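The primary structure of each chain is shown beneath.
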Amino acid sequence: MRAQKLLIAIDANEAPARTKPSNYPEPFASRMEGRLKRPLGDLFGLTNFGVNLTRLRPQAVSALRHAHSKQDEFVYILEGHPTLQTDEGPTRLSPGMCAGFKAGSGNGHHLINETAEDVVYLEIGDRTAGDEGTYPNDDLKAIWVNGKWLFVHKDGKPYD
């Protein structure tokens, strides 16, 4: 059997978008309306970390406000002026600005597009086994199992 040939280079704006807008269970998945992710790292067979080119339409959010136990995350703003919401409060970002989120810090974070223009940014995160995501504003917990997120209530009960 012949191995699939991986890409060498691509125009990131032409990368295929995710077919499923969110891995969250309802009622959370529908809150991701207006977010479009293009998983770039997967196109090159990257397995240690992920890279997404993400577009947020006006009033869209990057994710539910969350923190990771073992995954470092990094965002770099390419277009627009999103608001970064963390435990410290809101911070307005602009093109060329970046932010990082250390694993285990517990500092819940996400981006909100409160403007009338699209926001475009790169997001980079590792894929450390045993990672868990906590969501301070929602009854949700995420567990990284066999390369996929398993979502449960904060008490451990699975979502239907």
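In the block above lies the structure referred to throughout.
Reading the values: rules and limits
Residues numbered from 1 in each chain as written. Predicted model: local features only at pLDDT ≥ 70, side-chain atom pairs only at ≥ 80, totals over all residues. Heavy atoms only, no water. Phe/Tyr/Trp six-rings, centres within 6.5 Å; stacked < 30°, edge-to-face > 60°. Helix = DSSP H or I, 4+ residues; strand = E, 2+ residues; numbered from the N terminus. Polar contact = N/O pair within 3.5 Å; in protein donor to acceptor, adjacent residues only side chain to side chain. Contact = heavy atoms within 4.5 Å.

Engineer: Which residues make up the packing of aromatic side chains, and what values go with them?
Structural biologist: On inspection of all chains with the given rule, the structure shows four aromatic pairs. Their ring planes at 85° and their centres at 5.9 Å tell us that Tyr 24 and Tyr 135 sit as a pair that is edge-to-face. You can see Tyr 24 sitting in the segment before strand 1 (35-39) and its partner Tyr 135 sitting in the loop between strand 10 (132-134) and strand 11 (141-145), a full 111 residues away along the chain. Following the ring pairs from residue to residue traces out a cluster consisting of Tyr 24, Tyr 135 and Phe 151.

Engineer: Could you give an account of the side chain of Lys 37, naming the residues involved and the relevant values?
Structural biologist: In this fold, Lys 37 is placed in strand 1. Engagement of the side chain of Lys 37 in a polar contact is seen with the side chain of Glu 123, the distance being 2.5 Å. Among residues more than four places away in sequence, those in contact with Lys 37 are Ala 17, Arg 18, Asn 52, Leu 53, Thr 54, Ser 62 and Glu 123.

What is shown is where atoms sit, not what they do.
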